[in-house]
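Summary of the model geometry
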Amino acid sequence: MTIRALSLPPTDTEIDDWIAVLAAARAVDLPQGTPPTRTEVAGRLRVTPARGRAALWTADGGAGVAALLLFTDEANAHTAFLDVLAVHPDARRRGLGRALWEQVRAELLAHGRTSVSTLVDLGGPGQAFAESLGFENVLPMAWYEQDVTRRRSAAAVAPGYELRAWHGLVPDDWAAPLATAHGAMQDAPMGDIDEKIEPWTPQRLHAAHRLVLDRGGEITTVAAVTSGGEVAAYTELVLPDPTGPRALQYDTVVAPAHRGHGLGRAVKLHMLESARDRYPALRRIVSTVADENAPMRAVNESLGYRPDRPAAYYQLSL
């Protein structure tokens, strides 16, 4: 059994081998899901977030893969995120997953990390493997799915607000108000995840959006704004591959002072209509919502999102 660390950025051949493992694993573990595209996988492997350092490994010539993100911001220098640990179905039950984990664990300890988290689909081999390593469920949630092709009524916004949509980087004059609105995410359910939320600034906002673009994707922000230049609510939609059939619903936030006016529903509905017109190949929008976030689950249900599968953030203390 051979475990090899990949140099960054990985080569085209290494990316192709990585995609082959992910596609084969998904076909067995989540046959109803959409397989990852090369644009999406290559972007994630080649472009690391500014707030982290990536470490990548392959096992037995590409039969298994693992990706770790070591946070580098001061508030989270104690923790990390295990982004991928997958083994080709034909190579399972040979100890490859455990061997990859030992490499990940050694890297975590070498850099003084005291915890690591990962996102797990419940009810499958990932959950059983994580629990065998000592990971614990710290934030139950579920994946939800939206059919983009279904027509809906036009978005209506409450009096006193206006809807704006920005594709790509948010204009500079709206970056500060949007960063302030992002701060309202601090009251979103986080369970017992051992990760601190960094303050949002215009610079951090643009860096997060630029990461999506640098990875080959596209991002759209829809906001409800006031005449005084305040962002009262917003939602973000990310297409990891703009030519693909799947998009990710990122944050949806309503600032506390503006709740109770249906703004969360308004920005999401406008986003859905805009996305269908802008991306003809788009068929599905997927999103995760914490089980305890009842208000957002209610908004999603009213827009036609349906539960897809349960998931959770799992965490291990080292």
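Rules behind the numbers
- Residues numbered from 1 in each chain as written.
- Predicted model: local features only at pLDDT ≥ 70, side-chain atom pairs only at ≥ 80, totals over all residues.
- Heavy atoms only, no water.
- Helix = DSSP H or I, 4+ residues; strand = E, 2+ residues; numbered from the N terminus.
- Rg over C-alpha atoms; globule rule 2.2 N^0.38 Å.
- Buried < 20%, exposed > 50% of the residue type's maximum accessible area, 1.4 Å probe, protein only.
- Contact = heavy atoms within 4.5 Å.
- Areas by Shrake-Rupley, 256 points an atom, 1.4 Å probe, with all protein chains shown as cover.
- Core = buried A, V, L, I, M, F, W, Y, C linked by side-chain atoms within 4.5 Å.
- Salt bridge = Lys/Arg side-chain N within 4 Å of Asp/Glu carboxyl O.
- Pairing = 2+ DSSP bridges.
- Polar contact = N/O pair within 3.5 Å; in protein donor to acceptor, adjacent residues only side chain to side chain.
- Phe/Tyr/Trp six-rings, centres within 6.5 Å; stacked < 30°, edge-to-face > 60°.
- Lys NZ or Arg CZ within 6 Å of the ring centre and 35° of its normal.
- Axes fitted to C-alpha atoms, helices over the stretch in contact; angles between N-to-C directions.
- Parallel < 35°, antiparallel > 145°, perpendicular 65-115°, else oblique.
- Left-handed = near helix turned anticlockwise from the far one by under 90°.
- Nonpolar A, V, L, I, M, F, W, Y, C, P; charged D, E, K, R; others polar.
- Expected span 1.5 Å × (residues − 1).

1. Some points on the overall build of the protein chain
The secondary structure content of the protein chain amounts to 8 helices and 12 strands. Computed over C-alpha atoms, the radius of gyration of the protein chain comes to 20 Å, within 12% of the 20 Å expected from 2.2 N^0.38 for 318 residues, which places it in the range of a compact globule. For the protein chain, the proportion of its 318 residues judged to be buried stands at 50%. Long-range contacts, defined as pairs at least 24 residues apart, comprise 72% of the intrachain contacts of the protein chain with a sequence gap of at least 6. A total of about 14500 Å² of accessible surface is found on the protein chain, and carbon and sulfur atoms cover 51% of it.

2. Digging into the nonpolar core
Of all hydrophobic cores here, the largest spans 28 residues; its most connected members are Leu237, Leu263, Met271, Leu282, Ile285 and Tyr305. Top contributing element to this core by residue count: helix 7 (residues 263-278), with 6 residues. Those residues in contact with Leu282 that sit more than four places away from it in its chain are Val148, Thr149, Gly244, Pro245, Arg246, Ala247 and Ala275.

3. Focus on the side chain of His209
Mapped onto the elements, His209 comes out in helix 6 (residues 202-214). What makes His209 buried here is its relative accessible area of 3%. With sequence-adjacent residues up to four places away left out, His209 is seen in contact with Gly168, Leu169, Val170, Leu178, Ile219, Thr221 and Glu236.

4. Looking at the pattern of salt bridges
In a structure, side chains of opposite charge can pair up when their charged atoms sit close to one another. Going through the model one piece at a time under the given rule, you end up with 17 salt bridges. Residues Glu40 and Arg246 are paired through a salt bridge, measuring 2.7 Å at the closest nitrogen-oxygen approach. Of this pair, Glu40 sits in helix 2 (residues 38-46) while Arg246 sits in strand 10 (residues 246-254), and the two are 206 residues apart along the sequence. Assigned by exposure class, Glu40 and Arg246 land together as buried. Glu195 is the salt-bridge partner of Arg51, the closest N and O atoms lying 3.3 Å from each other. With Arg51 in the loop between helix 2 and strand 2 (52-59) and Glu195 in the loop between helix 5 (172-182) and helix 6, the pair connects residues that are 144 residues apart, well separated along the chain. Overall, Arg51 belongs to the partly exposed group, its relative accessible area being 24%. A single salt-bridge network, built from bridges that share partners, covers Asp12, Asp16, Arg38 and Arg46.

5. Examining the pairing of strand 12 (residues 306-317)
One ladder, built from 7 bridges, connects strand 5 (residues 115-121) with strand 12; its direction is antiparallel. Residue pairing across strands places Ser115 opposite Ser317, the latter belonging to strand 12. As paired elements, strand 6 (residues 136-147) and strand 12 share 9 bridges and run antiparallel to each other. When the bridges of strand 12 are listed, Tyr144 appears paired with Pro307.

6. Some points on the environment of Thr72
In this fold, Thr72 is placed in the loop between strand 3 (64-71) and strand 4 (80-87). The class of Thr72 is partly exposed, set by a relative accessible area of 45%. Spatially, the C-alpha atom of Thr72 lies 8.2 Å from that of Ala50, the residues being 22 residues apart in sequence. Not counting residues within four places of it along the chain, the set of residues in contact with Thr72 comprises Ala50, Arg51, Gly52 and Arg53. Separated by 3.3 Å, the side chain of Thr72 and the backbone nitrogen of Gly52 make a polar contact.

7. Observations regarding the packing of aromatic side chains
This model, assessed by the stated rule, comprises 3 aromatic pairs. Judged by centre distance (5.7 Å) and plane angle (40 degrees), the rings of Trp166 and Trp174 are tilted. Assessed through its relative accessible area of 8%, Trp166 is described here as buried. The cationic tip of Arg204 hangs over the ring face of Trp200; the distance from NZ or CZ to the ring centre is 3.7 Å. Between the NZ or CZ atom of Lys268 and the centre of the ring of Tyr305, over which it lies, the distance is 5.1 Å.

8. Considerations on the packing of helix 1 (residues 12-29) against helix 2
In a pair of packed helices, the angle between the axes and the distance between the axes together describe the arrangement. Two elements in contact, helix 1 and helix 2, have axes separated by 10 Å at closest approach and are oriented at 120 degrees. By the angle between their axes, helix 1 is oblique relative to helix 2. Both helix 1 and helix 2 take part in a crossing whose hand is right-handed. Contacts between helix 1 and helix 2 involve Asp12, Ile15, Asp16, Trp18, Ile19 and Leu22 on the former and, on the latter, Arg38, Val41, Ala42, Leu45 and Arg46. Residues belonging to the contact of helix 1 with helix 2 are distributed by class as follows: 7 nonpolar, no polar and 4 charged.

9. Observations regarding the packing of helix 5 against helix 6
Remark: helix 5 packs on helix 6, axes separated minimally by 8 Å, with the N-to-C direction vectors making an angle of 95 degrees. The pairing of helix 5 with helix 6 is recorded here as roughly perpendicular in orientation. Contacts between helix 5 and helix 6 involve Asp172, Ala175, Ala176, Leu178, Ala179 and His182 from the former and Pro202, Leu205, His206 and His209 from the latter. Looking at the contact of helix 5 with helix 6, its residues break down into 6 nonpolar, 3 polar and 1 charged.

10. Quick word on helix 1
With 18 residues, helix 1 extends 26 Å from end C-alpha to end C-alpha; this agrees with the ideal 26 Å at 1.5 Å per step. Taken as a whole, helix 1 has its buried residues at Glu14, Ile15, Trp18, Ile19, Val21, Leu22, Ala24 and Ala25. The elements touched by buried residues of helix 1 are strand 1 (3-5), helix 2, strand 2, strand 3 and strand 4.

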